[in-house]
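Close look at the chain arrangement
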Amino acid sequence: MLAVCSLTATLLLLLLSAGGVRQTDAFYIAGNAPQHYLLDDTVPVYWNKVYPAGERLNLPYPYADLPFVCHPAQWELPYMNLGRSMAGDQLVRSDIQIEMGRNETCKVLCRRQVTPDAVELALSLIRDQYMVEWFIDELPVSRPWVNMYDRNKQYGDGFPLGYYDPLMDSVFIYNHFILQILYEKSQTGSGQRLIVGVEIYPKSVENHGLMCPHDASIPGIHQQGLSADISGITYTYSVMWQEETSVSWGKRWDSYLSFNGDTFIHWLSIGNASVILALIALTVAAIAVRALSIPIPFRNSDDTSDQDDMSGWKQLHGDVFRAPENERLLAILVGSGLQVLCTIAGVLLLAALGILNPSFPGGLVSVGIFLYVFAGLLSGYTSARIYRTFGQEEWRRNAIQTAVLVPGGLYLLLVLLNFFNWAKGSATSISFGVFITLLTLWVCLMGPMVVAGAYVGERRPAFSHPVHTSAVRRTIPKPVWYMRSLPSVLLAGIIPFGTIFLQEYLLLQYMWGDRFYYFYGFLGASFLLLATVSVLVTLAMTYFQLCSEDYRWWWRSFFVGGSASIYIFAYTLLHCCIRLGISSPVSGFLYLVHALVASVVLGVALGSISFMVTYYAMRKVFKIVKVN
Ligand SMILES: *[C@@H]1O[C@H](CO)[C@@H](O)[C@H](O)[C@H]1NC(C)=O
């Protein structure tokens, strides 16, 4: 076990150093091939969505559907991968005409007639600090700013829809867009150009007709306010092409991803988690030394005075491997948990290596689904082996239940939640086609994977137990209050949660902002620390439980292992109450359900790995006890 610990620590350090080194230059692998343009080639502008970046829980909406912006003349929808559709992207090609290398001083996009209701909506969206997301050449169109840490130009995801001026107590909408597009001349001398940056400087300019403001940057020019008496909003744009020599195509995402401002808090989080890991590892090592009477140097080996009083647990050998209640459910949950764990670990690893990053939109979700489907093999295998160990025969039924229970539950939830999104016209509502694709993946690919895994698992020998289970069930003394199920699970969860809460804090910060989250090295390391600490805490708690002569460790180890997720969920709610306001019951409800599902799924994953390690340790320990 100590070998496992040190191995984990080494891996952790490797991952950490990779994460730390990469933080300075934000390594990533571009998600698409470079697109070469010749002079005067058309460069399409895609509109995606508006999303809230303020301190309020709200839903994103498709930009082109808003009743106060220009509708495209024809709805041209580009192809999107599965992950992108699921993340709620709804790209549509806009009527903004851009040609490579051709400056436009001012062009009219349209004048949109607005109803009072539309103005009302615009007012509320701007007050809630909604941001607009457009794409040009696969780059998010961003309003740049200079960050205070290293004075570098920084890009985010989009630009504000408008702004609220507290001095005048009125709301202005941005209706003139100055697009500054940075390009790089191709090295080959063929006259081809690559786009390396897309910046937008949105302005609010009062406009009553189909004319263009001469120069939107003139100070004192009237701004387009929003009030009930306006009848229309005119949208205009200018385009400026600027050659950029300091940024190459391969580095064009740097300004989006390399943000060093939060590095300190990340290191703090890792440091904090490492200290907790060290403490809990020492505790477990001390327990192991004492419980198994492992001879250690500098200790008088004749001194056994303090060992006998704690050896009551050894008498439980006739009961520890007695099958628990609901053993079938346990087998299914452990299998499904490992499946989730594999998926999370795989996604985090690929993201930490720079393969999954924001320049590959939808990549994280697509690859996650793909990994989840294939991890069905592991799920079926583990579930079948545990099932068999409990002396159960109907492995086919177990395999089907494993394939249905957790993945089916998640699918059903997705469908149900989508009704709410769909009713609110939110951008995150998922199309019917996506649901069919997911259903097909589940039934035709993941189902067979689980069954194949179960087939293999069923043919492998059951886990062998070193001691025989006695015919007579030992009575369990009434435990002290903190060793009862609920208190012990609640107490145990605090420790692993302590390793992750700073990361969770940052993650939630980024989720409600317009900056890209790109700290997967740190996140991966933190997840590894969380899983390790959960496992160690479970080992310690199982020992304490056995010491109080309670041998029902099967389910307990599963729950104790996943207990951190109770606090993770509570913290998400706390974040919502303290930092975010809730703008509608639907968005509050959706937030609650999403947080709950994510926490439960994470808990099942952590519980299953903790259970597996504890099970392994139990078999090893009782083998040693038997020999002695
Ligand atoms: C376009 O405008 C930019 C900025 O004013 C200028 O540097 C560039 O030379 C212009 N390009 C053309 C082709 O006029």
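Heads up: these notes are all about the structure in this document. (Residues numbered from 1 in each chain as written. Predicted model: local features only at pLDDT ≥ 70, side-chain atom pairs only at ≥ 80, totals over all residues. Heavy atoms only, no water.)

With that settled, the discussion passes to the state of the cysteines. The final tally for this structure, using the stated rule, is two disulfides. Between the sulfur atoms of C70 and its disulfide mate C110 the distance is 2.0 Å. In this structure, the disulfide formed by C70 and C110 twists by about -90 degrees around the S-S bond and is classed as left-handed. One end of the pair, C70, is in the loop between strand 3 (61-62) and helix 2 (82-86); the other, C110, is in strand 5 (residues 104-113), and 40 residues separate them in sequence. (Disulfide = S-S within 2.5 Å. Helix = DSSP H or I, 4+ residues; strand = E, 2+ residues; numbered from the N terminus.)

Turning our attention to the environment of H468. Tracing the backbone through its elements, the reader meets H468 in the loop between helix 10 (432-459) and helix 11 (485-511). C-alpha separation for the pair H468 and T542, spaced 74 residues apart in sequence, amounts to 20 Å. Ignoring any residue separated from it by four or fewer positions in sequence, one finds H468 in contact with H317 and G318. (Contact = heavy atoms within 4.5 Å.)

Here helix 6 (residues 327-352) crosses helix 8 (residues 376-389) at 155 degrees, and the two axes come no closer than 8 Å. Looking at the two axes, helix 6 sits roughly antiparallel to helix 8. For helix 6 against helix 8, the interelement crossing comes out right-handed. Counting all contacts with helix 6, which are made through R328, A331, I332, V334, G335, S336, L338, Q339 and C342, the residues of helix 8 involved are G376, L378, S379, T382, S383, I386 and Y387. Taken together, the residues that form the contact of helix 6 with helix 8 break down as eight nonpolar, seven polar and one charged. (Axes fitted to C-alpha atoms, helices over the stretch in contact; angles between N-to-C directions. Parallel < 35°, antiparallel > 145°, perpendicular 65-115°, else oblique. Left-handed = near helix turned anticlockwise from the far one by under 90°. Nonpolar A, V, L, I, M, F, W, Y, C, P; charged D, E, K, R; others polar.)

Take the packing of helix 5 (residues 263-291) against helix 11 next. Each packed pair of helices is defined by two parameters, the angle between the axes and the distance between the axes. Relative orientation of the contacting elements helix 5 and helix 11 amounts to 175 degrees, with a least axis distance of 9 Å. The pairing of helix 5 with helix 11 is recorded here as roughly antiparallel in orientation. Between helix 5 and helix 11, the contacting residues are I265, H266, L268, S269, N272, A273 and I276 on the first element and I495, G498, T499, F501, L502, Q503, Y505 and L506 on the second. Looking at side-chain class alone, the contact of helix 5 with helix 11 contains nine nonpolar, six polar and no charged residues.

Around the ligand sit G101, N103, M240, W241 and Q242, and those are all the residues in its vicinity. Between N103 and the ligand, the recorded distance is 2.2 Å, taken from a side-chain N or O atom to an oxygen atom. Contact with the protein chains hides 41% of the accessible area of the ligand, taken as 360 Å² for the molecule alone. (Near = heavy atom within 4 Å. Polar contact = N/O pair within 3.5 Å; in protein donor to acceptor, adjacent residues only side chain to side chain. Areas by Shrake-Rupley, 256 points an atom, 1.4 Å probe, with all protein chains shown as cover.)

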